[in-house]
Amino acid sequence: MKEILEIQKKAFIQDGEPTFNQRKDRLERCIALIETHDEKIINALNEDFKNRSKGEILTSEISQSVRNLNFTIKRLKKWMRPQSRPSSFMANMLGSKSILKPSPLGTVGVIAPWNFPVGMIFYPAASIFAAGNRIMAKPSELTPSTADVIKEAVEKYFDVSEFSVVLGGPEVGAEFSSLPFDHLLYTGSGRIGKKILSAAADNLVPTTLELGGKSPTIVSEGVNLNLIAKRIMFVKTLNAGQICLSPDYIYVKRGLEKDLINALKETFNEFFTEKNLDDYTSMVNDHHFERMDTYIQDAKDKGAEVIDLSPIDDSNKNIMSTKILLNVNDDMLVMKEEIFGPLLPLKVYDELSEVVNYINNHDHPLGLYFFGSSRKEQDYVINNTRSGGVTINDVMFHLMQSELPFGGVGPSGNGHYHGYEGFLNFSNLRSIYYQTKVDTIFGILRPPRKKSFEILSKIMKKLS
Ligand code: NAD
C-alpha cells in the first residue's frame, strides 16, 4: 500500500495539476468501467447478499453513479475556473491581483462500506477526480465478490498511479487509514470512524467522515397517509433498510398511528408479493440478520409490540420484511443503535416540541424527515434541530439533488460530496497574490518607520 501511495505522490508532482480534459477523461473512464461491468456487478452483488434486487442495483449503484459523474463533467469547467478577488490596501488600483484557485490535494484515500459497494466508491470519486486528485480505495470485506469486480474493472481502465483498489478487512483498513494521504474519506459507522480519525491524526491527514445515525421521520396532521406510506416504504424497503438515510424511526401525531400502520402494511404488500420477492433485498449476511433478531427479542423482552408487515421472512436467504415496533423506549437496543435494517419503531407525540426535544437529546442525525403541510411546523422543525440534511414531505430525497451537497453533522459525519461543494471539499482553496511593481505603500510599512507610517496605519484600520 505504501508503495502505491509513493507512486501516486511521485506522479502527482511529476505530471503537475491535471487539465480539464485530463479530469474529464478520468471521469469518463469511471463511467465506462461501470457500464462495461454492469452485469458482473449485478451478479457479484447477488453472490454477496444472497439476494439483491436487480432493479435497485441498476438505479442505486449504476445509474446513480453514472448520473453523478455526468453531472460533474458538465459543470467541471465552471467549477475549476479561478476566481478573481479585489486586493486590499488599494493595491488593486496599483496593478496587484488576488486569485482564488481551487487546486488538487494529491491522493485521496477512500474507505467504503458494504451497503452500496459500488456507489460508495464512485459517488465520491466524481468529486475527488473533478478536483484533480488521485484515488486509493478500499472496499468492504463484507461484499468480497463486488470488491473483486471493482478492482478488476478499475485496473482495466486506470493506471495504478491514478486510481488503485486495495482489498482486505479491518487489519488492512487500519493500515490503510494510517497512510499519509493528502485527504482520507471514510464512509461507515461512527464506531470505526473514531479509529479512522485517530489513525489519520498521526499524520495530520484531513478527513471527510460520512457516517450514519438514527434518521427520524415525523408525521404531522393534515396529510395523505396512503401517499406518505408509499414514500416511507419506498425508502425503508430499499436495500431492506440497509441505507444510511433510511427512516430509522417514525414519530406520528397521536390519533394517526392506526391508520398509518395499516397504510404501511398495505403498501409493503403492494410492493412485494410471492411473485416478485427477488426484488426485495436480503440482509447482507447472517450476522446482520441475527442482529435484527436480537433487536426484536430485546425490544419484546422490554415491553414492545412487534407488527410484521408480511410473512415473507426466510432465514436461509436472510430475508426479513419490514416490522413496526410499538411501545418502544430508549432502554431498547432498537432505539439505542442505528437500525440499518428493516425494523421501524413507531412513537406517538402530542406536541411537536416533544419530538424536537427528543431529537435534540440524541446524536444529530444524518437525515431528518417531516411530513406536514404547515409551513410554521416545517420551519419549527428545521430551525430548532440539527441534521446533515432535511427532506420535507418525503424521505431521503435531498440526497438525490445533484446540486445539493451531501454529508452529516457532528456524530453523523463532516465534509461533503456531490455538486460544487463536493468539488470544493476535495480541493485546496489556494490564495494566490500577484504583487504590484509599485512599492510606495509597502515601503512606508517597513522600518525605520516615519510619520507617514502612522498616517497609513490609521487609514489601514478603515480599509477593509
Ligand atoms: P464499518 O464501519 O463496519 O466498515 C466500513 C469500512 O471500514 C470497511 O471497508 C471496513 O473494512 C473498514 N474498517 C473496519 N474496521 C476498520 C479499522 N479498524 N480501521 C480502518 N478501517 C476499518 O461500516 P459498515 O458496517 O461497513 O457500514 C455501515 C455504516 O455506514 C452505517 O452506520 C451507515 O449509516 C454508514 N453509512 C454511511 C453512509 C453515508 O454516506 N453517510 C453511506 C453508507 C453507509
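Coordinates for the structure precede this section.
Please read all numbers here as calculations on a predicted model, not as lab measurements.

Participant: Is there a simple way to explain the sheet that holds strand E10 (residues 305–308) in this structure?
Facilitator: Sheet strands associate in pairs through backbone hydrogen bonding, adopting either a parallel or an antiparallel arrangement. The mixed open sheet is built from seven strands, whose spatial order is E10-E11-E12-E9-E8-E13-E14. The open sheet has two edge strands with one neighbour each: E10 and strand E14 (389–392). Neighbour-to-neighbour, the strand axes of this sheet turn through a mean angle of 20°, independent of strand direction. Relative to strand E12 (residues 343–349), strand E11 (residues 323–326) runs parallel, the two being bridged by three bridges.

Participant: Help me understand unusual backbone geometry in this model?
Facilitator: Peptide bonds are trans in most cases, and residues, glycine excluded, mostly fall at negative phi. In this chain, Pro447 is followed by Pro448 through a cis amide linkage whose omega measures -5°. Checked against the element boundaries, Pro448 lands in the loop between helix H16 (440–445) and helix H17 (451–462). The backbone of Leu204 sits at a positive phi, close to 50°, despite the residue not being glycine. Its location among the elements puts Leu204 in the loop between helix H8 (190–201) and strand E7 (207–210). Positioned with a positive phi, Ala240 is a non-glycine residue whose angle comes to about 50°. Relative to the elements of secondary structure, Ala240 occurs in the loop between helix H9 (225–237) and strand E9 (247–253). By relative accessible area, which is 0% here, Ala240 ends up buried.

Participant: Quick question: what am I supposed to make of the packing of helix H3 (residues 38–49) against helix H6 (residues 144–157) here?
Facilitator: Helix-helix packing: each pair is described by the crossing angle between the helix axes and the interaxial distance. Remark: H3 packs on H6, axes separated minimally by 7 Å, with the N-to-C direction vectors making an angle of 155°. One finds that H3 runs roughly antiparallel with respect to H6. On the side of H3, the interface is formed by Lys40, Ile41, Ala44, Leu45, Glu47 and Asp48, while H6 contributes Pro144, Ser145, Thr146, Val149 and Glu152.

Participant: Mind showing me how you'd approach the pattern of salt bridges here?
Facilitator: Here the idea is simple: oppositely charged side chains can pair when their charged atoms come close. Inspection of the entire model under this criterion finds 25 salt bridges. For Asp248, the salt bridge goes to Lys214, with nearest N and O atoms at 2.5 Å. Here Asp248, found in strand E9, pairs with Lys214, found in the loop between E7 and strand E8 (215–219); they are 34 residues apart in sequence, far enough to count as distant. In terms of burial, Asp248 and Lys214 fall into one category: buried. Its salt-bridge partner being Lys302, residue Asp298 comes within 2.7 Å of it at the nearest N-O pair.

Scoring rules and cut-offs
Residues numbered from 1 in each chain as written. Predicted model: local features only at pLDDT ≥ 70, side-chain atom pairs only at ≥ 80, totals over all residues. Heavy atoms only, no water. Pairing = 2+ DSSP bridges. Helix = DSSP H or I, 4+ residues; strand = E, 2+ residues; numbered from the N terminus. Axes fitted to C-alpha atoms, helices over the stretch in contact; angles between N-to-C directions. Buried < 20%, exposed > 50% of the residue type's maximum accessible area, 1.4 Å probe, protein only. Parallel < 35°, antiparallel > 145°, perpendicular 65-115°, else oblique. Contact = heavy atoms within 4.5 Å. Salt bridge = Lys/Arg side-chain N within 4 Å of Asp/Glu carboxyl O.

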